[in-house]
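Examination of the molecular architecture
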Amino acid sequence: MKAAQLIANGTPGRFELRELPEPQPAAGEAVVEVRACGLNRLDLWLEEGGLPIQIPLPRTPGGEVSGIISEVGSGVTTWKRGDRVAVQSNLFCGECEFCKRGEESLCLRGELLGVNRDGGFADRVAVPARALVSLPDAVSFETSAALTLAGSTAMHMLTDRAQVRAGDWVLVIGASSGVGSAAIQIAKQLGAHVISTGSTETKRNLAKKLGAEFVLDSTQADWPAEVRKLTNKRGVDLVVEHVGGDVLPKCFECLARGGTVVTCGATAGRDISFKLWPFFVKQQRLIGSYGRNRNDLVATLDWAAAGKLQPVIDSIYPLDQAAAAFAKLRSRAALGKVLVKP
Ligand SMILES: [Zn+2]
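Residues numbered from 1 in each chain as written. Predicted model: local features only at pLDDT ≥ 70, side-chain atom pairs only at ≥ 80, totals over all residues. Heavy atoms only, no water.

**As for the side chain of His242**
Defined as follows: Strands here mean DSSP runs of E at least two residues long; helices mean DSSP runs of H or I at least four residues long; both are numbered from the N terminus. Whether a residue is buried, partly exposed or exposed follows from its accessible area with a 1.4 Å probe, protein chains only, as a fraction of its type maximum: under 20%, in between, or over 50%, in that order. In protein, a polar contact means a hydrogen-donor-capable atom and an acceptor-capable atom, both N or O and within 3.5 Å, with residues adjacent in sequence counting only if both atoms are side-chain atoms; elsewhere, any N or O pair within 3.5 Å suffices. By the convention used here, residues are in contact when the closest approach between their heavy atoms is within 4.5 Å.
Structurally, His242 can be placed in the loop between β13 (236-241) and α8 (247-253). Among the residues examined, His242 registers a relative accessible area of 12% and is labelled buried. Looking at His242, its side chain comes within polar contact range of the side chain of Ser177, at 3.4 Å. Apart from residues lying up to four places away in sequence, His242 is in contact with Ile173, Gly174, Ser177, Val179, Gly180, Thr263, Cys264, Gly265, Ala266 and Thr267.

**Some details on the environment of Leu132**
Relative to the assigned elements, Leu132 resides in strand β9 (residues 132-134). Spatially, the C-alpha atom of Leu132 lies 9.7 Å from that of Ile69, the residues being 63 residues apart in sequence. If sequence neighbours within four positions are ignored, Leu132 has contacts with Ala30, Val32, Ile69, Trp79, Val85, Ala86, Val87, Val127 and Arg294.

**With respect to the packing of helix α1 (residues 41-48) against helix α11 (residues 322-330)**
Applicable threshold: The convention used is that axes are lines fitted to C-alpha atoms, helices contributing only their stretch in contact, and that angles between N-to-C directions extend from 0 to 180 degrees. With respect to orientation, any angle under 35 degrees is reported as roughly parallel, any angle over 145 as roughly antiparallel, any angle of 65 to 115 as roughly perpendicular, and every other angle as oblique. Lys, Arg, Asp and Glu make up the charged group, whereas Ala, Val, Leu, Ile, Met, Phe, Trp, Tyr, Cys and Pro make up the nonpolar group; the residues left over, Gly among them, are polar.
Close contact between α1 and α11 brings their axes to 10 Å; oriented N to C, the two are set at 110°. Taken together, the axes of α1 and α11 lie roughly perpendicular to each other. Each of Arg41, Asp43, Leu44, Glu47 and Glu48 in α1 lies in contact with α11, whose residues at this interface are Phe326, Leu329 and Arg330. Its residues assigned to classes, the contact of α1 with α11 comprises 3 nonpolar, no polar and 5 charged.

**Comments concerning the coordination of the zinc ion**
The line we're drawing: Coordinating donors are taken as N, O and S atoms within 2.8 Å of the metal, stretched to 3.2 Å for Na, K and Ca; because water is absent from the atoms, sites can appear incomplete. All geometry calls rest on donor angles, where a four-donor set with angles between 85 and 135 degrees is tetrahedral, four- and six-donor sets with opposite donors more than 155 degrees apart and all others between 65 and 115 are square planar and octahedral, and all else is irregular.
Donor atoms from the polypeptide that coordinate the zinc ion comprise Cys93 (SG), Cys96 (SG), Cys99 (SG) and Cys107 (SG), at 2.3 to 2.4 Å from the metal. Coordination at the zinc ion comes from 4 donor atoms whose angles at the metal span 102 to 118°, giving a geometry best classed as tetrahedral. Within one chain, the residues donating to the zinc ion are spaced in sequence as C-x2-C-x2-C-x7-C. With a gap of 14 residues between them, Cys93 in the loop between β6 (90-91) and α2 (97-100) and Cys107 in the loop between α2 and β7 (111-112) connect regions that are remote in the sequence. An identical accessibility class is assigned to Cys93 and Cys107; each is buried.

**Observations regarding the sheet that holds strand β14 (residues 255-263)**
Put simply, the rule is: Any two strands with at least two DSSP-identified bridges between them are counted as paired.
Reading across the sheet, the 6 strands line up as β12-β11-β10-β13-β14-β15 and stay open at both edges, with parallel pairing between neighbours. This sheet does not close on itself; its edge strands, each paired only once, are β12 (214-217) and β15 (285-288). Averaged over all pairs of adjacent strands, the angle between their axes in this sheet comes to 20°, without regard to strand direction. Note that strand β10 (residues 169-172) and strand β11 (residues 193-198) share 4 bridges and pair parallel. From the neighbouring strand, Leu171 faces β11, where its bridge partner is Ile195. On top of the sheet, helix α7 (residues 223-230) reaches β10, β11, β12, β13 and β14; it is set at about 160° to β12, its chief contact.

**As for the domain arrangement of the protein**
Rules: By convention here, the domain bounds are inherited from an automatic or database domain assignment. Note on definitions: buried area is the accessible-area loss of two parts on being combined, 1.4 Å probe, summed for both.
In terms of domain boundaries, the protein breaks down into domain 1 (2-149 + 292-341) and domain 2 (152-288). Between the C-alpha centres of domain 1 and domain 2 there is a distance of 27 Å. The partner domain 2 presents 21 residues to the 24 residues of domain 1 that form the contact. If you sort the residues of domain 1 by the area they bury against domain 2, Asp296, Trp303 and Leu335 come out on top, with a joint share of 28%.

**Quick notes on a nonpolar patch on the surface**
Rules: Note on patches: the residues involved have over 30% relative accessible area and no salt bridge, like charges join within 9 Å, and the nonpolar side chains Val, Leu, Ile, Met, Phe, Trp and Tyr join within 5 Å. Surface exposure here means Shrake-Rupley accessible area, sampled with a 1.4 Å probe, where a residue is shielded only by the protein chains that are shown. Just to be clear on terms, a salt bridge is a Lys or Arg side-chain nitrogen sitting within 4 Å of an Asp or Glu carboxyl oxygen.
A surface patch of nonpolar side chains, amounting to about 460 Å² of accessible area, comprises Leu276, Trp277, Phe280 and Val281. With respect to the helices and strands, the residue Phe280 is situated in helix α9 (residues 276-281).

**Some details on helix α4 (residues 150-161)**
Of all 12 residues making up α4, 9 are buried, and the element is well covered by its neighbours. Ala150, Gly151, Ser152, Thr153, Ala154, Met155, His156, Met157 and Leu158 are the residues of α4 that are buried.

**So, the nonpolar core**
Rules: Among buried residues, those of type Ala, Val, Leu, Ile, Met, Phe, Trp, Tyr and Cys that are joined through side-chain atoms within 4.5 Å constitute a nonpolar core.
Among the nonpolar cores identified, the biggest contains 44 residues, and Val170, Ile184, Leu238 and Val240 are the most heavily contacted of them. When residues of this core are traced back to their parent elements, those giving at least two are α3 (141-147), α4, β10, α5 (178-189), α6 (201-210), β13 and α10 (294-305). At 6 residues, the largest contribution of residues to this core is made by α5. Structurally, this core is a two-domain feature, drawing no fewer than three residues from each of domain 1 (2-149 + 292-341) and domain 2 (152-288). Here Val170 is in contact with Val164, Ala187, Ala192, His193, Val194, Ile195, Leu238 and Val240, once residues within four sequence places are set aside.

**So, the pattern of salt bridges**
Tallied over the full model, the rule gives 20 salt bridges. Two residues, Lys337 and Glu64, come together in a salt bridge whose shortest N-O distance is 2.6 Å. On the criterion of sequence distance, the pair formed by Lys337 in strand β17 (residues 337-341) and Glu64 in strand β4 (residues 64-72) is long-range, its members being 273 residues apart. For Glu64, a relative accessible area of 0% translates into the label buried. Lys229 is the partner of Glu226 in a salt bridge, and the nearest nitrogen-oxygen pair spans 3.3 Å. Residue Glu226 and its partner Lys229 are located together in helix α7, separated by 3 residues, close to a single helical turn. Taken together, the salt bridges that share partners define one network made up of Arg41, Glu47, Glu48 and Arg330.

Structure follows, in structure tokens:
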């Protein structure tokens, strides 16, 4: 089978379309024939060698897999050849104290598909059967591959780590990203007033289309003042943040008393400082969010099947152009998700 493998780190990294032996399912695993696989910021970190751990190369990236089961290993009884599936990319042990209470995103032995083991930029990929989720008939492979990772990350942030109440003001940073575009729709569906940010007019128009009531130009230094103005100086109840760097401290300037910032990323910088005094006086919260639980992924696909959550797909590349897909995402010109289809 063919796989697009990363063979050398860099910006850009070096990719090669390679002929590899067919993956064999170990006990408790299934082989999925990949129909679409989403590209994420995580893949770019792998490409540039920017992850906190050294990943041995070559490696087949790609965690956001949808496809059809082609083979199951011994002990797998709940899945069969031909089943349409999505894959939970944060692989989990199913046995630790966190997995036992349904919090796979906290698994003590968690691994990432496409990072710690070969992922979905290939014709077929072997995955633990416990990471499979049934794909509803109404959800296409492309929709699944565009929502499984970023969409369920947003679902985890907005319905598990933090809660959105009807009437809340929610600020979503970065409308055109996978997490941002899903977060706008989820917050809107939950009855919130949504404000978002975008660095170009095209991205801001997308935010409006997805349901944001107000969209601010993030290249203007005073955008937090605009948020305060829009909320009559009150500030928002929740900020959905995934950028880090100098953006995260600014989020506190937008936050109401008792409000919450929930964050799941650090693209713009991993070390921050912010003013502690107003933070505790206003009794605010900063919540970390990582990955997703099975419940979040099931909810994401259910919402997609019901038409409540729609993917924003920028482009779809064939497997032999995986390097171009990486370049597109890295250019920050992508409006929504970049997918690869074997
Ligand atoms: Zn576990």
